[in-house]
Amino acid sequence: MINYLSILVFLLVSFLFSVEPIALISKSIGNTKYKLYSENEFDSTASINTPIFHGNSIKTKAKSFSQIVFLDDGSTISAFHNTEVTINGIIEDRLISKQVDLAGGIMRVTVLNQFKSLFKLKTPNSELSCQECDFWIDSNQNTGDRFYKISGNIFLSNPSMNEMLELVNDSTLISLKGIKME
């Protein structure tokens, strides 16, 4: 009887403290690697339906592509060749507060309506926030970030210049650390 009770308690505790994925890799072409939050190197090959947890990172090599879909609303991140991105998200009431940290590369981001919080994207040069948006970003440590807006209300800030701008329709904004946004 004691064994059954201890197994039941173990299963209950495991269920209560289990970590849930926040996204899945829906497409993967070429050499795409991922790493867990606790790992130091990109050891694992990313494949379709690989679950993404808070703090996991994706790295695409030359001639590679990966698409990540968030599980709550279907928002997508498409990472093109030579891109490194960390996916963060906190689940609250079955909705995910999303933040993406882009180390560099080219991405297309399509964010569906965020009910509780804003979607956030951080790069070495800029910070972006939106509630519902569609945009491209080309981020490079040396040449800065180039944002190409397709739709939505997108707000960009350059923390090094204490500057915030709204990206208007069919426009491109360039942001580099220590230089005013253009």
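The structure this text deals with has already been given above.
Summary of the structure given here. What you see is a predicted model, and the numbers here were worked out from it, not measured in a lab. Here the residue index of a chain counts from 1 through its sequence in written order. Per-residue local features of the predicted model are confined to residues with pLDDT of at least 70, and side-chain atom pairs are confined, for both listing and counting, to 80 or more; whole-chain, interface and lining totals are unaffected and use all residues. Calculation of side-chain values draws on the structure's entire complement of heavy atoms; hydrogens and water are dropped beforehand.

### Observations concerning the packing of aromatic side chains
Our working definition: Aromatic rings from Phe, Tyr and Trp, with only the six-membered ring used for Trp, were paired whenever their centres fell within 6.5 Å, and each pair was classed as stacked if the ring planes differed by under 30 degrees, edge-to-face if by over 60, and tilted otherwise. We call a charge positioned above a ring when the Lys NZ or Arg CZ atom is no farther than 6 Å from the ring centre and deviates by at most 35 degrees from the ring normal.
Enumeration according to the criterion identifies 3 aromatic pairs in this entry. Stacked on the ring of Phe 42, the Lys or Arg Lys 35 has its end atom at 5.3 Å from the ring centre.

### Overview of the side chain of Glu 163
What counts is decided by this rule: Under the scheme used here, helices are H or I runs from DSSP no shorter than 4 residues and strands are E runs no shorter than 2 residues, and both carry numbers assigned from the N terminus. In what follows, a contact means two residues having at least one pair of non-hydrogen atoms within 4.5 Å.
Secondary-structure assignment places Glu 163 in strand S13 (residues 163-167). Look past the residues within four positions of Glu 163 in its chain and what remains in contact with it is Leu 156, Ser 157, Asn 158, Lys 180 and Met 181.

### Regarding the pattern of salt bridges
Keep this limit in mind: Think of a salt bridge as a Lys or Arg side-chain nitrogen and an Asp or Glu carboxyl oxygen that are within 4 Å of each other. For each residue, the accessible area found with a 1.4 Å probe, counting protein chains only, is set against the maximum for its type, and the residue is called buried under 20%, exposed over 50%, and partly exposed in between.
Counted under the stated rule, the structure contains 5 salt bridges. One salt bridge in this structure joins Glu 20 and Arg 94, with 3.0 Å as the shortest N-O distance. Residue Glu 20 is found in the loop between helix H1 (2-16) and strand S1 (23-29), and its partner Arg 94 is found in the loop between strand S8 (84-92) and strand S9 (95-111); the two are separated by 74 residues along the sequence. Taking the relative accessible area as the measure of exposure, Glu 20 reaches 37% and is therefore partly exposed. The exposure class assigned to Arg 94 is exposed, which follows from its relative accessible area of 60%. The closest approach of N and O atoms between Arg 108 and Asp 134, which form a salt bridge, is 2.6 Å. Residue Arg 108 is found in strand S9, and its partner Asp 134 is found in strand S11 (residues 127-140); the two are separated by 26 residues along the sequence.

### Notes on the nonpolar core
Note the cut-off: By nonpolar core we mean a set of buried residues, namely Ala, Val, Leu, Ile, Met, Phe, Trp, Tyr and Cys, connected to one another through side-chain atoms within 4.5 Å.
Ranked by internal contacts, the top residues of the largest apolar core, which has 32 residues, are Ile 87, Val 100, Met 107, Phe 119, Leu 121, Leu 128 and Phe 135. Of all the secondary-structure elements, those providing two or more residues to this core are S1, strand S6 (65-70), strand S7 (76-79), S8, S9, strand S10 (119-122), S11 and strand S12 (144-158). Among the elements that line this core, the one with the most residues is S9, at 6 residues. Apart from residues lying up to four places away in sequence, Leu 121 is in contact with Val 100, Leu 102, Met 107, Ser 126, Glu 127, Leu 128, Phe 135, Ile 137 and Phe 147.

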